[in-house]
Each structure stands twice: as structure tokens, then as C-alpha cells.
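One-letter residues, chain by chain:
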Amino acid sequence: MADVDTKEDASSVLDFGSPSPIQEKPSAFQKVSNVLLRWGVETNGITPIPEEERTDKRLYQMFFVWFSANFNILAFGTGSAGPAFFSLGLRDSLIIIVLVDLITCAVPAYFAVFGPKLGTRGMVQSRFTWGYYGSIVPSILNVFSMQGFLILNCIIGGQTLAAVSDKLNATLGIVIIGVVSLLVTFCGYKVVHRYESLAWIPNAVAFIAMLGAGGKHLNPSTFPEYPKATAFNIFSFSCFLASSVISWCTMTPDYGVYHNAKASTMRIFIYTYLGFLAASLVGHMLGAAFAAASPSVPSWEAGFDNGNDVGGLIGAILAPAKGFGKFLIVMISLSVPSACAPTMYTFGMSFMTISPFFAKIPRYVFTLISEAILIPVAIIGATRFYGTLVNVLSIIGYWSTSFAATILIEHFVFRRGNFTNYNIAAYDKPYALPIGAAAILAFAGSFALIVPSMSQVWYIGPIANAGTGDIGIITGGVSAGLLYLVLRAVEKHVFPNRIA
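Some words on empty space enclosed by the protein
- Summed over all chains, the structure comprises three cavities of 30 Å³ or more.
- Put simply, the largest cavity is a space of about 110 Å³.
- Residue lining of the largest cavity: 15 residues in total, with Asn70, Leu74, Ala75, Ser244 and Trp248 positioned closest to the centre.
- Mapped by element, the contributors of at least two residues to the lining of the largest cavity are α3 (60-70), α4 (73-84), α10 (136-162), α14 (231-246) and α15 (265-293).
- With three residues, the top contributor of residues to the lining of the largest cavity is α4.

Next up, the structure:
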């Protein structure tokens, strides 16, 4: 991989606007950053990576970073929501999982192409659709979304670790998972990629062991009878799954900005798509299968705690393996940072895009801020896991689908799918970038249909209540795309020179 850490002096990131153009002595903050830079910690900010530095030809890393990030117990927990939360039988759950994953994995996979082709982080790239000031909106939303993802991952990782011993509880487990995630993310891009290349291995061993230990109970003839599937539950589970996949699109560009800019779009897309699809299918299907079987196995049902403790379910499944099973549980839980690390990294990059002031603060500072918020909120959210899971992923899905629609319409319609039609040098020039009114109005307008289409524990809209279930991401994505198509054409006519 290209050396991403030694070409930029830390002081260029840390200039807080001192009145003196010459600093005789570096500040304590700059000294710390320079030491971290020598240790290999990434201090680069949101400046686009020049094409001559986008040379890493190891595109297989695009597979592993997203395979590892999704091949874990959060995907298992997401799939288990079909039987446990939406009351769907195994057959219905599996059909929905296959169809939804096949379609939706294409969205974050295509967004990953923007990284090598443009050298821009996801929220910086959004400026070419939303404008310099308009992009503050998705950047702020992405900061909250990344923190939401982190909370979910730490909850499920902490619960799993707590299943090893009665002396451990979910609170201590959450703290341990949070600290491990911090250590990986703190070091930056290179360490994240190296970690993700290996982090999937413990989960692969554990999932195989789970099938070996509990496979005899995965006989549908012994499962309890589930209610007949309704349109409400089918659409709600489908959109919940879609939200969990599509919402990765806001961060996938961040992990290819040093990879080969001359690689074909199709190669980058295929590597990323297969990483998402293989991991999501396996994790979701295993989660659905074991959750559907849990009511027929008393120890599994007790461990599952009415669907609120996925870690307890995994512990019960692996209990027959005794000491080896506990070892695998530890390995599963300690691999949760494979999903936390890229999320925490993008949290920092999104924060830096909000304001020029934040852009001057090193990324690793935001990692520490994220950690400080993460642990106490995760401890509180762990008491109602499925309510937290469904609420967080659905809300992230609502906005990220509308966001994705505006970016894709801009790219394929107004820029003809041609990456050379982006003037990357203008990424920080407000008056060269699009004004952003079309994206903001289309995004806001989409919520006129999202809100009545929502179905959450705390609110059910009239459209959803009519029997459709939660179709907010469908109505939001379609309406945002159509509105942007019209409004952007008007915007270009009124502001013909804002075409960077």
C-alpha cells in the first residue's frame, strides 16, 4: 500500500490560524501529532488524495474490508430480527434475506468506486451534489449515524463477551469492545485495512462451530408455528434489512482513496459487492435460522432472553463445546471491532467535513470523542437491544437512502457517469461547487413521504398503518431521486457556472 502517513507534516493539519506566519516553537498539540506520525498513526485530513498517490493495486482489500465489517454478530443479530422481532417464519425470512441482499449490496458497492476514482472521502464527495454548505447536512447526519452503528456493535459485542462467564456482564463487555475498537481506529487507514484482512477468520471458525454444535436443532419440523406472514411484516423486515446494507454507502468511499485510480470501475464494484453479499447472506441467514429455532430449545430460548440478548443465544448454542466454545465466544466478541473500526474512522472524517475549523483538528481526536460518547450510551441501549437495533438502523436507512438517490442521479444523469466530469480541485471552493439547493429540497421533500410510511415502536405513519408496513426507505429513495432530477435541472439552468 502507498505510504499514506509520511507525506504530510502534521502541522499542516493542525494550523489553527495563529496570527504569526512563523511559529518559533510547535505547540504541545503539534508535538503530540508529530510523534504519532512517526509511530505510523495517520494524521491526514479530508484533502482529496492526488491521482499519483492512488496507486495501491491490492483491490482484493476492497473485498476483505467489507467482508470483515459485515461477517460478524451484528449481521447475525440483524437476520435474527426476522423471526424474533417481525414474527416471520424461517422460510419467509430466508426468501426476504436473499432477495434484499442481492439487490441492496449493489448500492454501497458502487459508492466504493468513488474512493479510487476521485480520491475523496464520502462526505467530501457529497459536496459535488449538495454544494459546500449543503453538504453540512449529510455530514452531521453521518456523524450521528456512525455513532449509532458503533453503539449497536458495542452492545452486541459486549453481550456476547458477557456470555463467557457469570463474572462478566454486558457493561464490562461493552467497555472492552469499545477500547479495542479505539486502538484499531486510532492508528488510521493502513491499520484498519490490515486488521480487516484477518478479522473475519475467528467468525468463520465460530459460525462453522455453531452449525456443528447446534445444527441438529435446525430442523424446521421442530420449530414452533409462526403466524402467517403479512404484507406489513414482510415489507417492514425487508426495509429493515435494506437499511442495514444501504446505510454503508456513506462510508464505503473512505476505504479506497489510496487504491489504484486506473482500475476498472467494474473490478472495484465486483470486489466490494462480493464482500458485502457473501458476508451479509451468511450472517443474516444464520441469524434467522438460529432465532427461528430458539423457542424449541429451552437453553437457547433462555439465553436469547425474549430476543434481547443475541450474545446469550450464541453462548447457549456453543455451550456443548464447553471450553472451546467459550474461547470462540471471546474470539467472536473481539472481532466486533471489524465493524466498529471503519465506522469510527468515518465518524472522524464526517466531523471534519462539517466545518473548516473541524477540518484542522486531527482525525484521531474525533476518535477519542466518539469513544467518550459511545460507551455510556451503549450501556443504556443494551437494556432493549431489538428496540434499539430496529430504531437506529431504520432511521439511518431513511436518510441514507434519500442521500444515495441524490448522489446517484447527479452522477449518472448530470455527470453522465463520467468521473472526469468532477473538478476535484474545487472541493473546498464554495462558489465553484453546485449551490446545493436541489439536493436539500429533494432530501427535505422526500420526508413528506417517509414520515407517513414509517413504522417504529414510537410512531406508525398512516401509510404504514394501512397495511404496507415500514416502506419509508422505498418512498424516500424514489421521491428524493425524482425530485432531484427536476430540481437539479432547474438549478443548473439558473446557476450555469456552478458545475465543479
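Side note on helix α13 (residues 200-214)
- In this model, α13 (15 residues) spans 21 Å end to end at C-alpha, consistent with the 21 Å of a helix rising 1.5 Å per residue.
- Taken residue by residue, α13 has Asn203, Ala204, Ala206, Phe207, Met210, Ala213 and Gly214 as its buried positions.
- Residues of α13 that are buried make contact with α4, α15, α16 (298-304), α17 (310-318) and α18 (322-334).

Section: the side chain of Ser370
- If you trace the backbone, Ser370 turns up in helix α21 (residues 363-381).
- The contacts of Ser370, once residues within four sequence positions are left out, are Gln147, Leu150, Met344 and Phe347.

Here's the deal with a nonpolar patch on the surface
- There is a patch of nonpolar side chains on the surface, built from Phe412, Val413, Ile435, Leu485, Val486, Val490, Val494 and Phe495 and spanning about 630 Å² of accessible area.
- At the level of elements, α22 (385-414) and α25 (472-494) are the ones that each hand at least two residues to the nonpolar patch.
- Among the secondary structure elements, Leu485 is positioned in helix α25.
- Taking the relative accessible area as the measure of exposure, Leu485 reaches 34% and is therefore partly exposed.

Some points on the packing of aromatic side chains
- Within the structure shown, the criterion is met by 39 aromatic pairs.
- When the centroid spacing of 5.3 Å and the interplanar angle of 15° are considered together, the rings of Phe63 and Phe67 count as stacked. With a gap of four residues between them, Phe63 and Phe67 both fall in helix α3, about one helical turn apart.
- A ring pair is formed by Phe67 and Phe71, whose centres lie 4.8 Å apart and whose planes are at 20°; its orientation type is stacked.
- According to the relative accessible area criterion, Phe71 is buried, its value standing at 6%.
- Members of the aromatic cluster, connected to one another through ring pairs, are Tyr60, Phe63, Phe64, Phe67, Phe71, Phe76, Trp200, Phe207, Phe290 and Trp300.
- For Arg415, the ring lying beneath its charged end belongs to Tyr422, and the centroid distance is 4.4 Å.

Focus on the pattern of salt bridges
- Applying the stated rule across the entire model yields six salt bridges.
- Residue Asp92 is joined to Arg91 by a salt bridge in which the shortest nitrogen-to-oxygen separation is 3.7 Å.
- The class for Arg91 is exposed, based on a relative accessible area of 63%.
- Because the salt bridges share partners, they merge into one network encompassing Glu410, Arg415, Arg488 and Glu491.

Quick look at the environment of Phe447
- Considering the arrangement of structural elements, one finds Phe447 in helix α23 (residues 437-453).
- Between the C-alpha atom of Phe447 and that of Ser402, which follows or precedes it by 45 residues, the distance is 8.8 Å.
- When sequence neighbours within four positions are dropped, the list of residues in contact with Phe447 reads Trp399 and Pro452.

Comments concerning the nonpolar core
- Formed by 127 residues in total, the largest nonpolar core has its most connected members in Phe76 and Phe237.
- The element that contributes the greatest number of residues to this core is α15, accounting for 14 residues.
- Residues in contact with Phe76, not counting those within four places in the same chain, are Phe207, Met210, Gly283, Leu286, Gly287, Phe290, Val310, Leu313 and Ile314.

Some details on the packing of α17 against α18
- Axis separation between α17 and α18 bottoms out at 9 Å; the angle between their running directions is 150°. Regarding the angle of α17 to α18, the classification is roughly antiparallel. Note that α17 runs across α18; the crossing there is right-handed. For the pair α17 and α18, contact is made by Ile314, Gly315 and Leu318 and by Lys322, Gly325, Leu328, Ile329 and Ile332, respectively.
- Across the contact of α17 with α18, the residue classes tally to five nonpolar, two polar and one charged.

Topic: the packing of α13 against α18
- Direction vectors running N to C along α13 and α18 enclose 135°, while the axes themselves pass 9 Å from each other. Viewed along their axes, α13 and α18 adopt a mutual orientation that is oblique. The interaxial crossing formed by α13 with α18 has left-handed handedness. Listed contacts from α18 to Pro202, Asn203, Val205, Ala206 and Ala209 of α13 are Leu328, Met331 and Ile332.

Some words on the side chain of Thr104
- Along the chain, Thr104 turns up in helix α5 (residues 90-104).
- Of the polar contacts made by the side chain of Thr104, one reaches the backbone oxygen of Val100; its length is 2.7 Å.
- Beyond its immediate chain neighbours, meaning those up to four positions away, Thr104 contacts Ala242, Val245 and Ile246.

So, the confidence of the model for the chain
- The predicted model of the chain has a mean per-residue pLDDT of 86, with 89% of residues at 70 or higher.
- Every residue in residues 1-23 is under pLDDT 50, and counting partners more than four places away or in other chains gives 51 contacts.

Some details on unusual backbone geometry
- Even without glycine at this site, Ser87 takes up a positive phi of about 55°.
- In this structure Ser87 comes out as partly exposed when scored by relative accessible area, which is 32%.
- Not every positive phi belongs to a glycine, and Arg416 is a case in point at roughly 55°.
- Of note, Arg416 is situated in the loop between α22 and α23.

Rules behind the numbers
- Residues numbered from 1 in each chain as written.
- Predicted model: local features only at pLDDT ≥ 70, side-chain atom pairs only at ≥ 80, totals over all residues.
- Heavy atoms only, no water.
- 1 Å grid on protein atoms, 1.4 Å probe; cavity = no way out; pocket = protein on both sides within 12 Å on 5 of 7 lines; lining within 4 Å.
- Points joined across faces, edges and corners; volume = space filled by probe spheres on them.
- Helix = DSSP H or I, 4+ residues; strand = E, 2+ residues; numbered from the N terminus.
- Expected span 1.5 Å × (residues − 1).
- Buried < 20%, exposed > 50% of the residue type's maximum accessible area, 1.4 Å probe, protein only.
- Contact = heavy atoms within 4.5 Å.
- Patch = residues over 30% accessible without salt bridge, like charges linked within 9 Å, V, L, I, M, F, W, Y side chains within 5 Å.
- Areas by Shrake-Rupley, 256 points an atom, 1.4 Å probe, with all protein chains shown as cover.
- Salt bridge = Lys/Arg side-chain N within 4 Å of Asp/Glu carboxyl O.
- Phe/Tyr/Trp six-rings, centres within 6.5 Å; stacked < 30°, edge-to-face > 60°.
- Lys NZ or Arg CZ within 6 Å of the ring centre and 35° of its normal.
- Core = buried A, V, L, I, M, F, W, Y, C linked by side-chain atoms within 4.5 Å.
- Axes fitted to C-alpha atoms, helices over the stretch in contact; angles between N-to-C directions.
- Parallel < 35°, antiparallel > 145°, perpendicular 65-115°, else oblique.
- Left-handed = near helix turned anticlockwise from the far one by under 90°.
- Nonpolar A, V, L, I, M, F, W, Y, C, P; charged D, E, K, R; others polar.
- Polar contact = N/O pair within 3.5 Å; in protein donor to acceptor, adjacent residues only side chain to side chain.
- pLDDT = per-residue confidence, 0-100.

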